[in-house]
Amino acid sequence: MRILLAYASLSGNTREVARLVAARCQALGHRLQLLDVDGDTAAALEQPRDALLLGCWTDNAGRTPAEMKAFVATLRDTAGLPPGPGVAVFGTGETQWGPEYYCGAAHRLARFFGSPHPVLEIEQMPHGQADTHAIHHWTDTVLARIETSTHADPARRHA
């Protein structure tokens, strides 16, 4: 599959999760483009893709940071919004701000795109075997589901 993995990171936590997800995608043989949404996004949006993976930190009271909102708007205006089954979201957050806000931006993005996939939540910076396992498991599961729906026999699909 061709995958665009776009992320927003304030302190490096989400960037590190994105790098681990990217490495897993590549290890599974997928073509991947890793994109920090703070940079130039126009060239990336013109690339054909089978899947969009989004990573985001959570701003004030569970909100999506401005740079990710701008990326989504550019995506909508330039390339069109992808269908929900091809979009999966991960996020980093801090439980100290309350469970109602924890990884709130990631959940908002998943709802916005209508993603059927679980949201991967990582507390601050990923560390240890448990976080690595969670990231690999999430990546494997999401990619298998997207690949199955993307490459399903069209004759078997029902409206």
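Note: the structure precedes this text.
Residues numbered from 1 in each chain as written. Predicted model: local features only at pLDDT ≥ 70, side-chain atom pairs only at ≥ 80, totals over all residues. Heavy atoms only, no water.

1. Some points on the overall build of the chain
Put simply, the test is: Here a helix means four or more residues in a row that DSSP labels H or I, a strand means two or more in a row labelled E, and each is numbered from the N terminus. By the convention used here, residues are in contact when the closest approach between their heavy atoms is within 4.5 Å. Here the Shrake-Rupley method, with its probe set to 1.4 Å, supplies the accessible areas, and only the displayed protein chains count as covering residues.
Assigned secondary structure in the chain consists of five helices and five strands. Secondary structure of the chain in N-to-C order comes out as β-α-β-α-β-α-β-α-β-α. Counted over contacts in the chain with a minimum sequence separation of 6, partners at least 24 positions apart contribute 75%. For the chain, the accessible area works out to roughly 8,300 Å², and carbon and sulfur atoms hold 50% of it.

2. Thoughts on the layout of surface pockets
Empty space among the atoms becomes visible once a probe the size of a water molecule is rolled across them. Rules: With a 1 Å grid spanning the protein atoms alone, the term cavity applies to any set of points in which a 1.4 Å probe fits but cannot get out, the term pocket to an open set with protein on both sides within 12 Å along at least five of seven lines, and the term lining residue to any residue with an atom within 4 Å of a point. Grid points are joined across faces, edges and corners, and a volume is the space filled by probe spheres set on the points. Residues are grouped as follows: Ala, Val, Leu, Ile, Met, Phe, Trp, Tyr, Cys and Pro are nonpolar; Asp, Glu, Lys and Arg are charged; all remaining types, including Gly, are polar.
By volume, the largest pocket amounts to about 310 Å³. Every residue lining the largest pocket is counted, 20 residues in all, and those nearest its centre are Trp57, Thr58, Gly93, Glu94 and Trp97. Classifying every residue of the lining of the largest pocket by side-chain character gives seven nonpolar, eleven polar and two charged.

3. A closer look at the pattern of salt bridges
Two side chains with opposite charge may pair up if their charged atoms get near one another. Operational definition: Salt bridges are defined as contacts in which a side-chain nitrogen from Lys or Arg sits within 4 Å of a carboxyl oxygen from Asp or Glu. Only protein chains enter the area calculation, which uses a 1.4 Å probe; residues under 20% of their type maximum are buried, those over 50% are exposed, and those in between are partly exposed.
Counted under the stated rule, the structure contains three salt bridges. Among the ionic pairs, Arg2 bridges to Asp50, the shortest N-O distance being 3.1 Å. One end of the pair, Arg2, is in strand E1 (residues 2–7); the other, Asp50, is in the loop between helix H2 (42–45) and strand E3 (51–57), with 48 residues separating them in the sequence. Judged by relative accessible area, which is 28%, Arg2 ranks as partly exposed. Between Arg24 and Asp140 there is a salt bridge, with its nearest N and O atoms 2.6 Å apart. Of the two residues, Arg24 sits in helix H1 (residues 13–27) while Asp140 sits in helix H5 (residues 128–150), which places them 116 residues apart along the sequence. Judged by its relative accessible area of 28%, Asp140 falls in the partly exposed class.

4. Considering the sheet that holds strand E4 (residues 87–93)
Rules: Note on pairing: DSSP must find at least two bridges between two strands before they are called paired. Where helices are involved, their axes are fitted lines through C-alpha atoms of the stretch in contact, as for all axes, and angles between N-to-C directions lie from 0 to 180°.
Spatial ordering of the open sheet is given by E2-E1-E3-E4-E5, a layout of five strands whose pairing is parallel. At either margin of the open sheet sits one strand with a lone partner, and together these are strand E2 (31–36) and strand E5 (120–123). In this sheet, neighbouring strand axes are inclined to one another by 15° on average, regardless of whether the strands run parallel or antiparallel. Pairing of E1 with E3 involves five bridges; the strand directions are parallel. Bridged to Leu5 within E3 is Leu53. On top of the sheet, helix H3 (residues 66–79) reaches E1, E2 and E3; it is set at about 160° to E3, its chief contact.

5. Here's the deal with the side chain of Ser9
Cut-off, in case you're wondering: By the criterion applied in these results, polar contacts are pairs of N or O atoms within 3.5 Å in which, for protein atoms, one can donate a hydrogen and the other can accept it, and in which residues neighboring in sequence qualify only through two side-chain atoms.
Considering the arrangement of structural elements, one finds Ser9 in the loop between E1 and H1. In this structure Ser9 comes out as buried when scored by relative accessible area, which is 14%. Here the side chain of Ser9 touches Gly12 through a polar contact of 3.1 Å, landing on its backbone nitrogen. Engagement of the side chain of Ser9 in a polar contact is seen with the backbone nitrogen of Thr14, the distance being 3.5 Å.

6. Structural notes on the packing of aromatic side chains
Note the threshold: A pair of Phe, Tyr and Trp rings is counted when the ring centres sit within 6.5 Å of each other, with Trp represented by its six-membered ring. The angle between the planes then sorts it: under 30 degrees is stacked, over 60 is edge-to-face, the rest tilted.
This structure, assessed with the given rule, holds two aromatic pairs. Relative to Trp138, the ring of Phe90 has its centre 5.8 Å away and its plane inclined at 75°; by these criteria the two rings are edge-to-face. Of this pair, Phe90 sits in strand E4 while Trp138 sits in helix H5, and the two are 48 residues apart along the sequence. Comparing Phe90 with Trp138 shows no difference in burial state: the two are buried.

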